[in-house]
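Each chain is listed here by its residues.
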Amino acid sequence: MAKRPFPEPYKIKMVEPVNLRSREERERAIKEAGYNTFLLKSEDVFIDLLTDSGTGAMSENQWAGLMLGDEAYAGSKNFYHLCDSVKDILGYDLVVPTHQGRGAEHLFFQAVLHEGDIVPMNMYFTTTRQHAELAGGVFKDIIIDEAHIPAAEHPFKGNVDLRKLEALVKEFGAERIPWVVLAPSVNMAGGQPFSIANLREVRQFCEAHHIKIALDITRIAENAYFIKVREPEFKDTSITEILHTICSFSDASWMSAKKDGLVNIGGFLGLPEREFELFDKLRNMVVVYEGLHTYGGMAGRDMEALARGLRDVAHFEYLRARVSQVEYLHSRLADAGIPLVNPCGGHGVFLDARSFLPHIDQDEFPAQMLAAQIYAAGGVRSMERGNVSAGRDPKTGENRHPKLELVRLTIPRRVYTQTHMDYAADSIIEVWEKRESIPGLKFVYEPPILRFFQARFEPVG
Ligand SMILES: *Cc1c(COP(=O)(O)O)cnc(C)c1O
C-alpha cells in the first residue's frame, strides 16, 4: 500500500484553472503534436509533469516581496538581501547573479577551463555538459555504476566512484583536471542524492591532487533532506546546517534558482571568500553577458523573490511534504507492478520504458511513445529521457542507445494535490494495462540538434 504523504505546511490562497479535455480531443492534440509532449499546448494539459523548472508556486511572503522590487540599475537593495540569504542559508560570501542556471554555467566554464581540460562530473546534465564542452572541456562520468541501473537500490546513487576519479588522474594527470563538478540530486539518474561521507572523501582526494570542486547546487535542498533521513550522522542536524556543510566542501557553486530556489526565473554563482580572484573574474564577465553585477539579468523583484525562496526551501517540513508527495506517486505505480527507477528521487518519478514496453525496439522510441500514451490516457504531460533525448553519435550518425530509456514525471513544487497524484497514477496504470497493444514510433521530422524539443513522429505500421 502506498504510504500517505506528509501534510503540506501551507494552505492554498489562489487557484489557477486547468482544462481536462475529452479523450477524443487529447488523442487529436497528441497526434497534432507529432507524439511529442514538448509540442503540446499548455492549455491542453490537465496535470503538467513535464518539468519542475520554474513551474513552482511562490509563497505569500515571496509574492509580497515582488512589491518591494528596487529596480535601480545599480546597487538594488534586493541584491543585498539575496547576498544575505545566500550567506545565511548556504554559507557563501560572494554572489554573482545570473538570469538562470545556464547563464551561470556559461560564465563559470569560460572562466576556469582551458582547451582539452578534463571535467569529471557525477553523470551529466544537458546544459552543464554543453557549456563545459563549449569552453573546451572534455566531460567524463565518475558516478557510481549503480546510477546507470534503474532497478539498483542504493541510498546515494549520486555518489562519486573514487576509483573512476583516480583512474582519470592516472590517465591524464591532475594538472589537466582543474575542477571536479558535482551535482546534488542527480537529475539524469532520477533525482539521486550524494552523501556527505562521499563528498568528504572526494574533497580529501581533490585536496591531495590540487583539484577544485564546483557544485551545481540547483537541487541542493532535496539532497539535504535525503542526507538528514538516510545518513545517520546527520539525523539531528538542521537542513540549514546540512546545506552549509555541503557547500563547505566546494570552491565555487552555481544554482538554477528555478528549482530549489522556489522561483520562476533566476540563478546565481556563490563562492567562498578565499576564491575572491575567481569571483572578480566572474563579476567582470557577468556585465558582458548577463547584466550589471548587482542584477545579472534579474529584475529587482525577481531577486527579492529568490532571496525569500531560499529561506522557504530550507525547512524540513516543506521538504518532507515535497519528497513524500513524489514518493507517494512512486509507490502507487510500484504497487501496480510498473517498472521504475529505484529508489524514488527527490523531484520526480522515472518510468523504465524499456521494461514497460519490452516489445518495442529502442529505435522505435518506447519512452517517446509511452509519454504520448500517458497524455492521451489522462491529459498528464511527461517527458521522454531516452533515445530521442540522447541524439545521434556525430561520428557514426547512429542513435546513441542510452542505457536508460525513461519517461520522467517531474512534480512542480507546491502546485499539485494528493488527488492530482492519484489521478496521474490512475492514468499511467490505464496505459500499463493495455501496454501490449502499443506500437512504436518513427520520425517524420528530425531536427539536427537537440532533436527532442521539436521532433515529430507517427506510429509504426
Ligand atoms: C535546470 C538545470 C540547469 C540549467 O538551469 P536553467 O535555469 O534551466 O538554465 C543546470 N543544472 C541542473 C542540475 C539543472 O537541473
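The structure presented is a predicted model; accordingly, all values stated were derived computationally and were not measured.

## Considering the sheet that holds strand 12 (residues 406–410)
Phase 1 of the analysis: Spatially, 9-12-11 is the arrangement adopted by the three strands of the open sheet, whose pairing is antiparallel. Each having just a single partner strand, strand 9 (348–352) and strand 11 (383–385) make up the two edges of the open sheet. Each strand axis lies, on average, 30° off the axis of its neighbour in the sheet, ignoring direction.
Phase 2 of the analysis: Pairing geometry for strand 9 and strand 12, over five bridges, is antiparallel.

## Overview of the pattern of salt bridges
Phase 1 of the analysis: Counting across every chain of the model gives 30 salt bridges.
Phase 2 of the analysis: In this structure, E233 engages R200 in a salt bridge whose closest nitrogen and oxygen atoms are separated by 2.8 Å. One end of the pair, E233, is in the loop between helix 8 (220–230) and helix 9 (239–248); the other, R200, is in helix 7 (residues 196–208), and 33 residues separate them in sequence.
Phase 3 of the analysis: For R200, a relative accessible area of 33% corresponds to the partly exposed category.
Phase 4 of the analysis: Where salt bridges share partners, they join D52, R219, E222, D260, R322 and R413 into one cluster.

## Observations concerning the domain arrangement of the protein
Phase 1 of the analysis: We note that the domain assignment places domain 1 (23–52 + 316–456) and domain 2 (60–313) within the protein.
Phase 2 of the analysis: Computed over C-alpha atoms only, the centres of domain 1 and domain 2 are separated by 27 Å.
Phase 3 of the analysis: Across the contact surface, domain 1 and domain 2 share five salt bridges.
Phase 4 of the analysis: Of the charged contacts in the structure, one is a salt bridge between D52 and R219, with a shortest N-O distance of 2.7 Å.
Phase 5 of the analysis: Among the elements of the structure, helix 12 (316–335) and strand 9 are those that each provide at least two residues to the side of domain 1 that touches domain 2.

## Some words on the nonpolar core
Phase 1 of the analysis: In this structure, L90, L182, I246 and F268 are the most contacted members of the largest nonpolar core, which totals 64 residues.
Phase 2 of the analysis: Taken domain by domain, the makeup of this core includes at least three residues from each of domain 1 (23–52 + 316–456) and domain 2 (60–313).
Phase 3 of the analysis: Apart from residues lying up to four places away in sequence, I246 is in contact with F194, I196, L199, L215, I220, A224 and I227.
Phase 4 of the analysis: Counting 52 residues, the second-largest nonpolar core is a separate cluster that includes V349, A353, A372 and I429.

## Things to note about helix 5 (residues 126–134)
Phase 1 of the analysis: Here helix 5 has its buried residues at T127, T128, H131 and A132. Buried positions in helix 5, seen along its axis, are confined to an arc of 135° and lie on one side of it.
Phase 2 of the analysis: The secondary structure elements touched by the buried residues of helix 5 are helix 4 (101–112), strand 3 (118–121), strand 5 (179–182), strand 6 (212–216) and strand 7 (252–256).
Phase 3 of the analysis: Positioned one or two residues after helix 5, G136 has a phi angle of 95°, which is positive.

What counts and how
Residues numbered from 1 in each chain as written. Predicted model: local features only at pLDDT ≥ 70, side-chain atom pairs only at ≥ 80, totals over all residues. Heavy atoms only, no water. Pairing = 2+ DSSP bridges. Helix = DSSP H or I, 4+ residues; strand = E, 2+ residues; numbered from the N terminus. Axes fitted to C-alpha atoms, helices over the stretch in contact; angles between N-to-C directions. Salt bridge = Lys/Arg side-chain N within 4 Å of Asp/Glu carboxyl O. Buried < 20%, exposed > 50% of the residue type's maximum accessible area, 1.4 Å probe, protein only. Domains from an automatic or database assignment. Core = buried A, V, L, I, M, F, W, Y, C linked by side-chain atoms within 4.5 Å. Contact = heavy atoms within 4.5 Å. Arc of directions from axis to C-beta.

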